[in-house]
Amino acid sequence: MGVGYVVGIVGGVLLAHAALSTIQYRRELKIMEEQFTGPPSNVVMELLLGLLLCMWAGLAVPMKFLSVLPHSDENRVVSLPANLDFMIFNHRGKVLPSNPDLKLKN
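Just so we're clear, the structure is a prediction, and the values are computed from it rather than from any experiment. (Residues numbered from 1 in each chain as written. Predicted model: local features only at pLDDT ≥ 70, side-chain atom pairs only at ≥ 80, totals over all residues. Heavy atoms only, no water.)

(A) Structural context of the overall build of the protein chain. Along its length, the protein chain carries 2 helices and 0 strands. Taken over 106 residues, the protein chain has a buried fraction of 13%. Total accessible area on the protein chain is roughly 10,000 Å²; 64% of this is exposed by carbon and sulfur atoms. (Helix = DSSP H or I, 4+ residues; strand = E, 2+ residues; numbered from the N terminus. Buried < 20%, exposed > 50% of the residue type's maximum accessible area, 1.4 Å probe, protein only. Areas by Shrake-Rupley, 256 points an atom, 1.4 Å probe, with all protein chains shown as cover.)

(B) Molecular detail of the packing of aromatic side chains. Enumeration over the complete set of coordinates arrives at 1 aromatic pair. The ring of F36 carries R26 above its face, with NZ or CZ at 4.6 Å from the centroid. (Phe/Tyr/Trp six-rings, centres within 6.5 Å; stacked < 30°, edge-to-face > 60°. Lys NZ or Arg CZ within 6 Å of the ring centre and 35° of its normal.)

(C) Structural detail: the packing of helix α1 (residues 3-32) against helix α2 (residues 41-60). Where α1 contacts α2, the two axes come as close as 8 Å, and the packing angle between them is 155°. In terms of their interaxial angle, α1 and α2 are classed as roughly antiparallel. Viewed along their axes, α1 and α2 form a crossing whose handedness is left-handed. The residue inventory of the contact of α1 with α2, partitioned by class, reads 14 nonpolar, 8 polar and 1 charged. (Axes fitted to C-alpha atoms, helices over the stretch in contact; angles between N-to-C directions. Parallel < 35°, antiparallel > 145°, perpendicular 65-115°, else oblique. Left-handed = near helix turned anticlockwise from the far one by under 90°. Nonpolar A, V, L, I, M, F, W, Y, C, P; charged D, E, K, R; others polar.)

Following this line, the structure appears as structure tokens:
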């Protein structure tokens, strides 16, 4: 397992811990009957650090970015037929009765 994966896991754990700390802080405020104005500064710093670590891991794990070749056969857009009157699409409406007088069975 590479360094990028470990950094990503640590970032995810930091984000989860920041979320749990905020939930615990709000519970404590409810017990003391105080108004929630925002999370404590240590939770915000933990959140930012976890976010930065996850972003760094997201860029470091893929290693090499490949360019998209515009003239490749794999990137070709499928053209539509010239006559658009007889296009058929698969959709959920095919399970409905075609005759409006028919009722669905329950």
